[in-house]
Amino acid sequence: MKAVEIDLKSFRYFNSPQNILENLKMQINYGEITLLSGFSGCGKSTLLSLINGVIPRVISGQIEGDILIDGENINGKTMSQISRKVGSVLQNAESQIIHQQVEDEIAFACENLGFEREKIQSSLDQLCPLLELGKDWKCRSLSGGQKQRLVTASTLAMETPILIFDEPFANLDLEGAKKLLDLLTDLKTKGKAILLVEHRLDLVLPYVDKIWSLENKSVKEIKDKETYLKSQTDIIKDEAENKLSFEDCLLEIKDLKKSFAGREILKGISCKIYRGERILLCGQNGCGKTTLLSIIGRLQKADSGQIIQNINPKFGKRAGKKWFKAVGIVYQNPNYQLFMSTVKDEILFGAEDKNYALDLAHKFELDEILERHPHSLSEGQKRRVTIAAILAQRPKLLLLDEPTVGQDYGALKKMMKVLNEIHRQENNTMITITHDIRCISALCDRKIHIQDGIINN
């Protein structure tokens with residue numbers, strides 16, 4: 001049975017001269033998991049926003065064609081009416097979180113829908129353990145993966161018959177991703193229609209019933225899953241065999257501890273980071289990887305312990321302009337560090353050598369979007385912009401928090417190539433957090449695994 005039918009002649013954003021989508025026909029059925037695949041920035045998130053009504057009710061655009069939900073055209077329907085049928089987990093989970101506490105966030109949409117107190121409590125009792133969330137946890141203290149699980153729980157609690165997910169596994173560890181996929185499979189057997197946008201094809205294809213590929217502004221159905229999987233999921237390796245030994249200590253971390261709202265996250269982290277190394281921080285969602293990275297980058301302070309830095313003795317212990325010139329940080333959420341009016345201005349902002357910066361923009365395939373506003377880009381494009389902007393500063397220490405989110409396989413291969421080329425040229429030190437198994441070996445000379453708040457290698 002058809003849940004969603006799409007027959008679009010064209011769509012373009014307000015004040016945009018070009019169509020984003022053209023001559024697009026597809027359908028999503030109840031009792032199936034459907035995958036929408038395609039290159040970064042090709043319009044996948046735009047299509048999801050058309051289905052859930054965000055376009056044109058929140059974001060302006062010109063639509064020619066029809067979108068039917070349960071056989072009814074959504075033209076003229078309100079967001080409230082559409083949201084009773086369609087639940088959405090967006091690419092940027094943080095943008096959907098309103099309340100300060102987990103149980104309030106999950107209950108919020110249910111209360112708006114008029115659910116009885118007992119029904120809401122039942123959902124909380126079921127979903128919080130299932131998605132490994134504490135009811136009393138503070139939302140601001142959650143990791144990126146935990147925020148993703150929270151928004152998923154909030155959406156599932158609404159019990160909409162149609163569920164759409166925009167890269168729901170991007171910030172999840174492997175165990176968490178498989179648990180969510182098992183949950184979605186169970187919902188499918190109960191008749192739900194599920195639409196996924198996801199680049200980690202090796203993870204999702206075994207669970208998917210139908211694949212649509214978005215390219216050249218339209219879609220085509222992919223019939224041969226196996227061939228498609230092989231073309232998109234080879235493990236990426238560093239092209240240069242790096243057999244260097246590292247002896248020059250850049251950072252010495254001693255007994256770092258950090259708690260949030262009574263929850264102990266880091267319980268005594270001690271290790272050494274050597275100059276020129278590529279370190280991969282590993283561990284399950286919520287284990288403290290991002291917390292450790294932000295303490296190293298002086299974005300926040302540890303409760304106790306110390307970090308001895310040998311980047312430059314003049315830096316002392318405080319964060320300042322010179323510190324952030326030498327220590328480049330790519331945030332998990334790129335929206336926090338995009339503030340200029342164009343991509344070009346963003347990349348040139350901290351660069352002393354403008355030609356070097358623009359060459360980086362070319363290497364990251366940003367030439368065609370240099371005059372666009374950074375916040376108008378897809379999440380994958382935003383990440384490439386932030387990485388290029390930070391690399392343009394030529395940092396000695398590069399901290400990357402989930403840099404691969406939103407990257408199709410081709411863009412991911414190019415990103416790994418550029419990062420490693422710059423690494424060799426600049427002899428920088430890289431510390432990366434990623435759950436993307438396609439590129440782990442391309443970013444890693446050594447792994448540091450965090451478990452239960454300590455290093456467990």
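Further up the page is the structure itself.
Residues numbered from 1 in each chain as written. Predicted model: local features only at pLDDT ≥ 70, side-chain atom pairs only at ≥ 80, totals over all residues. Heavy atoms only, no water.

*Asks:* I would appreciate a short explanation of the overall build of the protein chain in the present structure.
*Replies:* Broken down by element type, the protein chain carries 15 helices and 19 strands. Expected size for 457 residues packed as a compact globule is a radius of gyration near 23 Å; at 22 Å, the protein chain falls within 12% of this value. Taking the principal axes of its C-alpha atoms as reference, the protein chain extends roughly 65 × 50 × 40 Å. In the protein chain, buried positions account for 55% of the 457 residues. Pairs at least 24 apart in sequence give 72% of the contacts found in the protein chain among residues at least 6 apart. When the accessible surface of the protein chain is summed, it comes to about 20,700 Å², and 47% of that surface belongs to carbon and sulfur atoms. Here the protein chain contributes 63 positively and 61 negatively charged side chains, and the mean placements of these two sets differ by 4 Å. (Helix = DSSP H or I, 4+ residues; strand = E, 2+ residues; numbered from the N terminus. Rg over C-alpha atoms; globule rule 2.2 N^0.38 Å. Buried < 20%, exposed > 50% of the residue type's maximum accessible area, 1.4 Å probe, protein only. Contact = heavy atoms within 4.5 Å. Areas by Shrake-Rupley, 256 points an atom, 1.4 Å probe, with all protein chains shown as cover. Lys, Arg positive; Asp, Glu negative; His and termini not counted. Charge placed at Lys NZ, Arg CZ, Asp CG, Glu CD.)

*Asks:* Looking at this structure, I do not really get the pattern of salt bridges. What am I missing?
*Replies:* For the coordinates displayed, the defined rule picks out 24 salt bridges. The residue Arg275 makes a salt bridge to Asp248 at a minimum N-O spacing of 2.7 Å. Here the residue Arg275 occupies a position in the loop between β12 (263-274) and β13 (278-282), and Asp248 occupies one in the loop between α9 (225-232) and β11 (249-260), the gap between them amounting to 27 residues. A residue is classified by how much of its surface remains accessible, and Arg275, at 29% relative accessible area, is partly exposed. With a relative accessible area of 40%, Asp248 lands in the partly exposed category. (Salt bridge = Lys/Arg side-chain N within 4 Å of Asp/Glu carboxyl O.)

*Asks:* What exactly am I supposed to notice about the nonpolar core here?
*Replies:* One broad rule of soluble globular proteins: the nonpolar side chains tend to lie buried together. Judged by nonpolar contacts, the single largest core of 42 residues is most densely connected at Phe169 and Leu184. For this core, the secondary structure elements donating two or more residues are β3 (32-38), α4 (102-112), α5 (117-130), α6 (144-157), β7 (162-166), α7 (174-189), β8 (193-197) and α8 (201-204). In this view, Leu184 contacts Ile33, Phe165, Phe169, Ile194 and Leu196; residues no more than four positions away in its chain are not counted. With 35 residues, the next largest nonpolar core counts Val385, Ile387, Val418 and Ala442 among its residues. (Core = buried A, V, L, I, M, F, W, Y, C linked by side-chain atoms within 4.5 Å.)

*Asks:* In this structure, what is going on with the pairing of strand β4 (residues 61-69)? I would like to understand it.
*Replies:* It is a general feature of regular strands that their side chains alternate between the two faces of the sheet. In this sheet, β4 lies alongside strand β1 (residues 2-13) in antiparallel orientation, the contact comprising nine bridges. Within β4, the position partnered with Leu8 by the bridge is Gly65. Pairing between β4 and strand β5 (residues 72-73): two bridges, direction antiparallel. Opposite Ile69, over in β5, you have Glu72 as the bridge partner. Hairpin geometry of β4 and β5 is characterised by an intervening segment of two residues between the two adjacent antiparallel strands and by a positive phi of about 55° at Asp70. (Pairing = 2+ DSSP bridges.)

*Asks:* When you look at the packing of aromatic side chains in this model, what are you seeing that I'm missing?
*Replies:* A ring pair, where both rings are aromatic, is described by two values, the distance of the centres and the angle of the planes. Scanning all chains against the criterion turns up three aromatic pairs. When the ring of Phe11 is compared with that of Tyr13, the centres are 5.0 Å apart and the planes differ by 80°; the resulting orientation is edge-to-face. By relative accessible area, which is 0% here, Phe11 ends up buried. Cation over ring: Arg263 sits above Trp137, and NZ or CZ is 4.2 Å from the ring centre. The ring of Trp323 has Arg298 sitting right over it, with the charged end atom 3.7 Å from the ring centre. (Phe/Tyr/Trp six-rings, centres within 6.5 Å; stacked < 30°, edge-to-face > 60°. Lys NZ or Arg CZ within 6 Å of the ring centre and 35° of its normal.)

*Asks:* I keep staring at the environment of Gln393 and nothing clicks. Help me out?
*Replies:* Relative to the helices and strands, Gln393 resides in the loop between α14 (379-391) and β16 (397-401). Gln393 sits 212 residues away from Leu181 along the chain, and the two C-alpha atoms are 40 Å apart. The contact partners of Gln393, leaving out residues within four places of it in the chain, are Phe324, Lys325 and Gly350. Of the polar contacts made by the side chain of Gln393, one reaches the backbone oxygen of Phe324; its length is 3.2 Å. (Polar contact = N/O pair within 3.5 Å; in protein donor to acceptor, adjacent residues only side chain to side chain.)

*Asks:* So what exactly am I meant to see when it comes to the sheet that holds β8 here?
*Replies:* By way of backbone hydrogen bonds, the strands of a sheet pair with one another, either parallel or antiparallel. The mixed open sheet is built from six strands, whose spatial order is β6-β7-β8-β3-β9-β10. The sheet is open, and its two borders are formed by β6 (86-89) and β10 (218-222), each paired with just one other strand. Mean inter-strand twist for the sheet, computed between neighbouring axes without regard to direction, equals 20°. In this sheet, β8 lies alongside β3 in parallel orientation, the contact comprising five bridges. Counted as the bridge partner of Glu32 is Ala193 from β8. (Axes fitted to C-alpha atoms, helices over the stretch in contact; angles between N-to-C directions.)

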